[in-house]
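# A closer look at the structure
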Amino acid sequence: MRKALMAAVAACALIAAGGTGQAQEKLRIGVMATLSGALTSGGEDGVRGAQIALKQRGGKIAGREVEFIIAATDASPDSALRAARKLVEQDKVQLILGPLSGSEGIAMRDYSKTVPNVTVVDASSGALETTYVNPSPNYFRFNSNGAMWMAGLGDYVFKDKGYKKLAVIGEDYSFPYTQVFGFALGYCKAGGQIVQRQWVPLGTKDFGSVIANIPDDVDAVFLALGGGDSVNFLNQYGQTGGKAKFVGGSIMVDQTVLSSRGNAKRLLVGTPSSGGVADAWDDPKWKAWVKAYQDAFPADKRFASPSLFATNYYNAFNGMATGLEKVNADLSDGGAKLRAELAKVELDAPNGPIKLDDDRQAIATTFITEVVETPNGELTNKFVRTVPNVSKTMGLSAEAFKAVGLPSRTNPECKP
Amino acid sequence: MSDFIGRRPIWSLVILIAVALLAFLIFAVWTPWMELTFGRKRVFLSALFNGITLGGLYFLVASGFTLIFGLMRNVNLAHGSLYLFGGYVGYSIGNLTGSWFAALIGAFVIVALAGMLMQVLLFRWMEGQDLRQTLVTIGLSIIVADLLLWGYGGDTFQVTTPDWLSGPIQLPFVVALRSNGEAVMMMYPLVRIAILIGAIILGVAMWLVLNRTRIGMLVRAGVDDRDMLSATGVRVQLVFIMVFAFGAGLAGLAGVVGGTFQSLQPGEDTKILLSSLVVVIVGGMGSIPGAAMGALIVGLAEQFGSVYMPTYAVMLTFVIMVVVLAIRPQGLAAVRR
C-alpha cells in the first residue's frame, strides 16, 4: 500500500515536472468583474462571456495556454483599484480584462498610467470620461460608452413614442450620468423636456420616497438603474400600484433584469431602450453568438440570451486576443508592440463591426429596442433599428461636443 | 404621564407642539405656500410612512440585538448574518411551499436553532471576555457571509409577497386637490402597512412578556445583575439560551420581512448590522423601548434624508448617532444607574 502510494506520488511529480518543462509559461490574464453588490448578475454574465470566447479559441492564444485570474469588485472605484493592484502586484499579470462599471473605469484609467507595462482592455464600463478626458495610452475599450449607447433613442422616444416630458431616476455615479447625457443630447434636440432628475445611491434598497417624488404630469420615466436596483425599483413601483410608462437605460432592460425572478419585470413590457445589443436581432452572427452562449452553459446557469455584459466581455477578450496573436503573445517588451497592434484591431463582432479611434475608444453600433413578451412568457428586447458607426462625439463636431460639457447630475439642462 | 408633565413642563410643551404640528402636516390640505417650502405633500407623507415602516423592520432586527446585549453583555456582530441567513432560508421555504407564513415561521425556527447552537457551542465558553466574543462573532459573520455567497450566489433575491398583501391600499389622507375640488387620497403599499402592524404587535407583546410575566422578570433580573440571579438558584444558562434563540429568531424573521419589501443580497448583512448598531446606540443598549425609539429615528432619518438632502442622506444617521453619544451617551431610553 505504502509503496503504491509512493509510486503514485512519484508519478505525479514526474508528470508535473514534465508539464512545466515542455509547455510555455501560461499566459495570465486578470479578469475584473462585479461579483458582489447591485451589479452582481452582470458581472457573472461578463465572466461567462470571456470564458466562452476563450473556449472558442481552444483555451489558447498564439499557442500559449491562457489562465484567467478573476478578481471580484463591487462597482465602486476603490474596489476596482484594490482588485487591479492585487492582479498586478501579487499575480504579476500584464494583461487586465475589465472593469465592468463606469466609475471603476475612470479609476482604472488613472491607475493604468502608473503601470505602463500593463495593458488594460476595458470589458464593459461606460463612462464618457474614461477615454475622453486625459485618456491613458495603455487603456483600450472595445465597447461603446453610456452616451453612445443612447444614440438615436431620444429621437425615437420623442417622435415615435410621443413622450414629450420625462422624469429621470438614476443611480448616482458616472455611468447613469453618461446615459442620461447621451439620451438628453438627442431627446432635447428633438424638443423633449426633462422636468426632474432623481439620483439614488448604487445599491439603494428603499425606493419608496423616490417613487412618491415622481411628478404626475410626465409622459414617462427614464430609468437609468441596473441589476439589483432595477429589480428593487420595479418591485416597489408595482407595490404602490403606479402606472407610469418607462424609458430604459441600457442595463435597465438588459437580460440581467429581464431574466430576474418574480413578476415585477413585467412592468417593463413596451419599454423602449437602446444599447449595445438587441436580444431578438435576426443577424446570423448575432444568432450564432446567442447559440454559442446557450450551448456553453445549462439553462439555470445563464440568462435566456447573452446580456450586454456577456457580449462586451466576449468582444473585449476577442479584441485582446486578436492583438496578442499579431505579436505572438510576446509581452517581453512591456507590451509596447501589443499596444501598437491593439490600436489597429478591427472586430467583426456579433453586435456589429467595432474599430478604435485615436483615443482607443470603440466606434460601434447602437441598437434601439423595445421590451416584448415572447409566447413562452420570457421577456426579450425586440429589435427596432440600428444606429451604425456611433463615435464618442455622437455625430457632433469635436468643438460642438466639447461645448456641451461633461456628463453630470444636471448636464445637459434640457429645459424648453 | 401627568407626573412627566409636572416634572418637565417645558419639554412637555415642546413635545405637544411638535405632535400638533405633525398632525396638522398630515391631515391638512397643503397650501401652495407649503408645497413651495416642503415640496409636495405626497412626498412628505410617503417619506414619513416609509420611515416608520423602515423603522418597523429595524426594530425587528435591533430588538433581538439589544436583548442579547442587555442580558449577556455580548455584542453579537454576527447578528446581520443571522438576518441574511433567515432571509435566504425564508426565500427557499417560500419557494418550496409557496406560503409566505411558512417562510416566516420556518426562518424564525431555523435561525433560532442556529442562535441556540451559537450560544451553546461558542459563547458559553467565553463568557465575559468581550474582545474574544467580538472577534469570534466577526469571524463567524465572515464565514457565514461566504457560505451564503457559495450557496445562493451574488444575485438579488426577493421573497414573493402573498397575493392578498400585494398592491396598494388607499389611506384616509388627502395628498392634493384636483382642479375640480376632488380630493386625491394617498395610495400606499399594503405589505408595508402589514409589516408595520406586525412590528408594533410584536413590540407590545415583547414589552408585556418582559414586564408582566415570570420569564420576563427573570430576563430583567438577568439584565440588572446576572450573578445575583444565578445565586438565587435560577438556571441562568437556560435563560441565556432562550433569549439568544429568541433574538436570533427575530433576526431571521426580519430577514424574511426585509426580503419581502426590499431584497436580499450579499452585503445586506453588514448593512443591517450597522443600522441595528446605530439603532441600539441611539436607543440605549439593552432597552426594548429604546430599540423602538432608535429604530423609528433611524428609519425616519434615512427616508427624510433621501428625499430632502439626498447627497448627505448616508451621513445623517451617523450625525444623529454622534449627537446622541455627545449629549446622552447611555442612549435615549436607557435607565440611569
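What counts, and at which threshold
- Residues numbered from 1 in each chain as written.
- Chains lettered and ligands numbered in written order.
- Predicted model: local features only at pLDDT ≥ 70, side-chain atom pairs only at ≥ 80, totals over all residues.
- Heavy atoms only, no water.
- pLDDT = per-residue confidence, 0-100.
- Contact = heavy atoms within 4.5 Å.
- Helix = DSSP H or I, 4+ residues; strand = E, 2+ residues; numbered from the N terminus.
- Salt bridge = Lys/Arg side-chain N within 4 Å of Asp/Glu carboxyl O.
- Buried < 20%, exposed > 50% of the residue type's maximum accessible area, 1.4 Å probe, protein only.
- Pairing = 2+ DSSP bridges.
- Expected span 1.5 Å × (residues − 1).
- Disulfide = S-S within 2.5 Å.
- Buried area = accessible area lost by both parts, 1.4 Å probe.
- Polar contact = N/O pair within 3.5 Å; in protein donor to acceptor, adjacent residues only side chain to side chain.
- Nonpolar A, V, L, I, M, F, W, Y, C, P; charged D, E, K, R; others polar.

With that settled, consider the confidence of the model for chain A. Overall, the predicted model of chain A reaches an average pLDDT of 90, with 94% of residues at or above 70. Note on residues 17-22 of chain A: pLDDT is under 50 here. Beyond four places in sequence and across chains, it has zero contacts.

So, on to the side chain of Thr311 of chain A. With respect to the helices and strands, the residue Thr311 of chain A is situated in helix 12 (residues 308-326). Ignoring any residue separated from it by four or fewer positions in sequence, one finds Thr311 of chain A in contact with Val277, Trp286, Trp289, Pro306 and Asn351 of chain A.

What follows deals with the pattern of salt bridges. Residues and elements named next belong to chain A. Overall, the coordinates contain 20 salt bridges over all chains when judged by the stated rule. The residue Asp348 makes a salt bridge to Lys285 at a minimum N-O spacing of 3.1 Å. Here Asp348 is found in strand 12 (residues 346-349), whereas its partner Lys285 is found in helix 11 (residues 284-296), with 63 residues between them in sequence. When its relative accessible area of 53% is taken as the criterion, Asp348 is described as exposed. By relative accessible area, Lys285 is classed as partly exposed at 39%.

Now for the pairing of strand 5 (residues 119-122) of chain A. All names here are of chain A. Where burial is concerned, the two faces of strand 5 agree: the one with Thr119 and Val121 and the one with Val120 and Asp122 are both buried. In this structure, strand 4 (residues 95-97) lies alongside strand 5, joined through three bridges in parallel fashion. From the neighbouring strand, Leu97 faces strand 5, where its bridge partner is Val121. When strand 5 meets strand 6 (residues 139-141), the two strands line up parallel, connected through three bridges. Note that in strand 6 the partner of Asp122 across the bridge is Arg141.

Turning our attention to helix 8 (residues 190-212) of chain B. Taking 1.5 Å of rise per residue, 23 residues should cover 33 Å, and helix 8 of chain B covers 32 Å from first to last C-alpha, within 8% of that figure. Among the residues of helix 8 of chain B, Val191, Arg192, Ile193, Ile195, Leu196, Ala199, Gly203, Met206 and Leu210 of chain B are the ones counted as buried.

The subject of this paragraph is the state of the cysteines. Residue and element names in this part refer to chain A. Counted under the stated rule, the structure contains one disulfide over all chains. Here Cys188 pairs with Cys414 through a disulfide, and the sulfurs are 1.8 Å apart. Its S-S torsion of approximately -105° makes the covalent link between Cys188 and Cys414 left-handed. A residue pair is termed long-range when its members are at least 10 positions apart, and Cys188 in helix 7 (residues 174-190) and Cys414 in the segment after helix 14 (398-404) qualify at 226 residues.

It is worth spelling out the interface of chain B and chain A at this point. At the junction of the two partners, chain B supplies 33 residues and chain A supplies 26 residues. Interface of chain B and chain A: buried area, both sides summed, is about 2,300 Å²; carbon and sulfur atoms make up 40% of it. At the boundary of chain B with chain A, the tally comes to one salt bridge. Linking chain B with chain A are eight residue pairs in polar contact (both at pLDDT 80 or more). Among the elements that make up the side of chain B that touches chain A, the one with the highest residue count is helix 4 (residues 41-72) of chain B (six residues). Of the residues belonging to the side of chain B that touches chain A, the class tally is 13 nonpolar, 14 polar and six charged.

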